Structures are given as structure tokens and as C-alpha cells.
Amino acid sequence: MEPTPPPAPSTPPSLKLENLKALKILGKGAMGTVFLVHDRTADPSARCPFALKVVDKSSLHAKHDADRRARWEIRVLARLSHPFLPKLLGSLDTEDLLAWAVPYCPGGDLNVLRYRQNDHVFSSAVIRFYLSEIVCAIEHLHDMGIVYRDLKPENVLVQQSGHVTLTDFDLSRNLAKKTIISSASFFPEKQSQKFPLSEIPKKHKRMLTRWIQVLPDNGNGLKKAKSARVSPVSRRKPSFDNGERSNSFVGTEEYVSPEIVRGDGHEFAVDWWALGILTYEMLYGTTPFKGKNRKETFRNVLMKAPEFVGQRTDLTDLIQRLLEKDPVKRLGYRRGAREIKEHVFFKGLRWDLLTDVLRPPFIPSREDADLTEKVATTGGLDIREYFQNLRAPPSMPPSPLPSPSAETCRRSFAEY
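None of the values given here were measured: they were computed from a predicted structure.

Engineer: Looking at this structure, how should I read the packing of aromatic side chains?
Structural biologist: The relation between two aromatic rings is expressed through the spacing of the ring centres and the mutual angle of the planes. Evaluation of the coordinates by the stated rule reveals 11 aromatic pairs. Ring centres of Y148 and F169 lie 5.3 Å apart, and the angle between their planes is 45°; on these two criteria the pair is classed as tilted. Here F169 lies in the loop between β8 (164-166) and β9 (173-174) and Y148 lies in the loop between β6 (146-147) and β7 (156-158), a separation of 21 residues in the sequence. For the pair F345 and F346, a centre-to-centre distance of 5.1 Å together with 70° between the ring planes defines the contact as edge-to-face. Taken individually, F345 and F346 each receive the classification buried, so the pair is uniform in this respect. An aromatic cluster of three or more residues is present, and its members are F35, Y386 and F387.

Next comes the structure, spelled out in C-alpha cells:
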């Protein structure tokens with residue numbers, strides 16, 4: 001059955017910069033600065049803060065196509081409607097700033113969450129939960145004809161509910177989908193017998209215990225994974241006869257697929273490669289092809305096989321099939337997310353009940369909500385003033401020693 005066409009992009013609500021108060025800075029990236037913000041008019045006590053991503057237009061000359069990519073991200077967000085993808089809450093466009101708002105995810109990202117574990121890795125059960133939701137999010141994007149191209153732990157955020165959401169869509173792009181006849185249409189009876197789903201009445205919502213032991217984050221020992229982005233560079237190569245390839249060299253070093261490194265052109269399968277890298281990192285605490293420098297990393301991506309520890313499992317089999325260097329042989333290439341959902345690692349999973357899970361592995365505490373109320377009453381950041389201060393040239397501190405010219409002047413006056 002053909003996927004439902006995506007809804008037409010809606011016009012996002014307009015935000016008024018003078019009504020917005022930044023409670024704190026959530027992060028800074030190549031595209032801009034992300035603030036935790038509340039609307040002083042609609043939400044004076046900051047009970048429902050949201051994330052505001054702000055791009056300073058005055059610095060766009062140093063960011064090349066940052067303005068184009070920012071506006072593209074806004075258009076993508078305006079089209080999204082999925083529980084594991086963000087919703088555009090509004091946007092603003094002034095003479096000097098471009099900004100857009102999405103729901104705040106107080107649980108941080110998967111990289112931060114992984115480092116809070118005793119051994120800095122997730123259990124197989126936790127990996128299965130998070131992967132299932134990520135697969136559903138990517139499937140929705142692919143059904144809309146959008147290839148994500150930036151899957152990594154830092155871009156998988158944990159909502160207040162404990163469910164995940166993907167973020168950062170400035171590297172995504174639209175591609176025409178290829179049409180491949182599914183083998184399941186020829187052998188539907190085999191397809192249904194291969195991986196039977198457990199019979200769980202939909203009316204019974206699952207209650208999962210907390211699989212994750214969360215250690216207090218004292219600010220020590222959390223090493224942010226290297227996340228050097230590869231800038232989009234156009235490479236002219238023949239496109240698919242059936243479907244469309246992108247020839248941009250884009251992504252994050254340790255997550256870039258072999259076809260991108262080779263410059264062969266790429267399509268939706270790059271997201272399944274990145275899913276394999278992400279799964280490996282969740283299991284072992286490191287990416288499989290990381291080298292001493294970019295050149296060695298890319299060489300490993302092209303030539304090295306992923307190394308697995310211990311006995312082969314359904315999880316390592318999934319990783320190996322996702323990290324197939326030939327995209328045509330990669331799991332997910334022919335029938336997309338359906339191939340991955342049918343893998344034995346997910347056997348018995350009720351995909352339609354994921355949003356009904358009330359006790360995910362980790363649920364953020366409510367302390368952040370209390371903190372925002374305190375910050376809202378004591379102070380905060382003025383967003384426009386913040387960027388004006390960044391643009392202002394640094395003032396020169398007074399010199400502790402007199403300049404030679406001043407000393408010469410004193411001597412000259414003394415002689416008279």
C-alpha cells in the first residue's frame with residue numbers, strides 16, 4: 001500500500017521576540033544557538049517552556065548557506081506530525097534574527113544519557129526500546145520523501161514522557177523515492193509466519209520498569225562524542241534510473257556512510273547505515289570506524305569490518321546487516337523500515353503500541369520544571385541583547401604598563 005502523502009506545509013504561528021524571555025542556553029551549534037524560552041505574556045510563570053533555535057543573520061556571511069538551511073529546517077518541521085518527531089510551535093523572522101520554536105526535551109540526548117550509566121553503555125533491552133522509536137521516526141521521514149542524513153546520539157532527545165524525538169533537520173533533503181516490488185506481495189503467508197507478533201490486547205497498555213540506572217551528573221567524566229560535521233559539498237554524479245540520489249558530501253564524520261565517502265551519490269539507505277553506527281555506539285560505547293583523524297576514519301569506513309565482542313547475538317547481526325558497505329545489500333535498502341522491523345531482534349514487538357508505553361527506560365525528573373519557575377522570577381536572558389553583545393567588538397583592557405610613547409613624552413616635558 002502506498003504511503004499517505006504528507007500534509008501540505010502549514011504556516012507556523014508568528015512569535016513576538018519582545019514577548020520571549022530566555023531562561024538559559026541549551027546549546028550552541030554550527031547553525032545557531034538554542035535557548036530554553038518562555039512567553040512572558042502567555043506563560044509568565046514559565047510552566048511550559050520551549051526550545052528556541054536562533055540564527056544570527058549578521059554572521060551568515062561566515063556560514064555560507066546557513067540561512068537557506070535554516071529556512072529549509074523550518075519548512076520540514078512545519079510538515080511533521082509524528083510522536084517521535086518535533087512539532088513546529090512557531091517562528092519569527094526579524095532584520096537580524098531568524099528563530100523557530102519546538103517542544104523542550106528535558107531528558108537531554110542519548111549521548112548524555114549513555115554517559116550516566118555505570119559502564120557508559122545501554123543494555124540490549126534499552127537499545128531495543130530506543131531503536132524501535134527511532135526506526136518509526138525515520139520511517140515517517142522516508143515516507144514523506146525526506147532523507148534525514150544526521151542521525152547521531154546528540155540528535156536523539158528524550159521527551160518528558162521518556163519517549164524519544166529526533167532533532168536538527170538542516171542537513172535533510174527531499175529525494176524522489178524508488179519503486180521496488182516487495183517480495184512479501186508474492187509470498188504474504190511466509191512473511192506473516194516468519195516473525196509472528198505477540199498477541200497483546202491493545203486495550204492493555206504496557207508498563208515497563210525502568211531498565212536504566214541513572215547516575216547523578218556531577219559534570220565530571222561526561223565526554224561529548226566527537227561530532228564534526230562534514231559540510232555539504234556538491235558532487236556531480238549520475239543519479240539513479242529509478243529514484244533519486246543526492247551527491248552532497250554531508251554528515252558527521254564517524255557516521256558518514258561508504259557511498260558518501262566514495263562520492264557515489266546516496267539515498268535513503270544512508271540513514272540505515274547511521275542507525276547501525278548508533279546501535280554499535282549504544283552497545284559498546286564507541287563508534288566502530290573511529291580513527292586518529294578524519295582520513296583514517298574514512299579509510300576505516302571504506303575498508304574495515306565492524307568488530308564485535310563475544311558471542312554473536314540477534315543485536316550484533318542487526319548491526320552487521322545495517323553496516324553493509326554496499327548500500328544495495330544493506331538492510332532497509334529494498335523495503336525500507338519494514339525490513340528492519342522484521343529482523344529477529346525486534347521479534348514480538350508491538351510497533352503499534354510504542355506510544356502506549358507508560359514507563360520507558362528513563363523518565364526525566366520534574367526538577368527542571370521547578371527550576372524554570374525559579375529562573376523566570378529571578379531573571380533571564382534578553383535574546384536580542386545576547387546577540388548584540390556577541391557582535392560588539394571586545395573592549396581593550398587598560399595596559400598595566402605605560403606605553404613607550406607616553407614615557408618619551410614625559411621625558412620631553414621634563415627637559416623643559
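Engineer: What is the right way to look at helix α3 (residues 124-143) in this model?
Structural biologist: Structurally, the α-helix is built with 3.6 residues per turn, so residues lying three or four positions apart point the same way. If you check α3, its first and last C-alpha atoms are 28 Å apart, about what 20 residues at 1.5 Å a residue would give, namely 28 Å. Of all 20 residues in α3, 15 are buried; the element is thus mostly enclosed. Looking one or two places after α3, you find G145, whose phi comes out positive at around 80°.

Engineer: Got a minute to help me understand the sheet that holds strand β4 (residues 90-93) in this structure?
Structural biologist: To summarise the sheet geometry, strands pair through backbone hydrogen bonds and adopt either a parallel or an antiparallel arrangement. Strand order in the open sheet formed by five strands is β1-β2-β3-β5-β4, and the pairing between neighbours is antiparallel. Looking at strand neighbours, the two that pair on one side only are β1 (20-28) and β4, the edges of this open sheet. Each strand of the sheet is rotated relative to its neighbour by a mean of 25°, with strand direction disregarded. Packing of helix α1 (residues 66-79) onto the sheet brings it into contact with β3 (50-56), β4 and β5 (97-103), and relative to β5 it is tilted by some 30°. Contacts between helix α11 (residues 383-391) and the sheet are confined to β1, β2 (33-39), β3 and β5, with β2 contributing the most and set at about 150° to the helix.

Engineer: Which parts of the structure should I look at to understand the pairing of β3?
Structural biologist: Regular strands have side chains that alternate between both faces of the sheet. Among the seven residues in β3, seven count as buried, and that is most of the element. Side chains F50, L52, V54 and D56 project from β3 onto one buried face, and the interleaved A51, K53 and V55 project onto a second face that is buried too. Relative to β5, β3 runs antiparallel, the two being bridged by seven bridges. Counterpart to F50 in the pairing with β5 is P103.

Engineer: Sorry, what's going on with the pattern of salt bridges here?
Structural biologist: If the charged atoms of two oppositely charged side chains come close together, the side chains can form a pair. Within the structure shown, the criterion is met by 17 salt bridges. The salt bridge partner of R262 is D264, with a shortest N-O separation of 2.6 Å. As a salt-bridge pair, E307 and K304 come within 4.0 Å of each other at their nearest N and O atoms. By relative accessible area, E307 is classed as exposed at 53%. Because the salt bridges share partners, they merge into one network encompassing K57, D67, R71 and D93.

Engineer: In this structure, what is going on with helix α6 (residues 269-284)? I would like to understand it.
Structural biologist: With 16 residues, α6 should cover 22 Å at 1.5 Å per step; its first-to-last C-alpha distance of 23 Å lies within 8% of that length. When you tally the buried positions in α6, you get 15 out of 16 residues, the bulk of the element.

Rules behind the numbers
- Residues numbered from 1 in each chain as written.
- Predicted model: local features only at pLDDT ≥ 70, side-chain atom pairs only at ≥ 80, totals over all residues.
- Heavy atoms only, no water.
- Phe/Tyr/Trp six-rings, centres within 6.5 Å; stacked < 30°, edge-to-face > 60°.
- Helix = DSSP H or I, 4+ residues; strand = E, 2+ residues; numbered from the N terminus.
- Buried < 20%, exposed > 50% of the residue type's maximum accessible area, 1.4 Å probe, protein only.
- Expected span 1.5 Å × (residues − 1).
- Pairing = 2+ DSSP bridges.
- Axes fitted to C-alpha atoms, helices over the stretch in contact; angles between N-to-C directions.
- Contact = heavy atoms within 4.5 Å.
- Salt bridge = Lys/Arg side-chain N within 4 Å of Asp/Glu carboxyl O.

Purely geometric stuff here, so don't read any function into it on its own.
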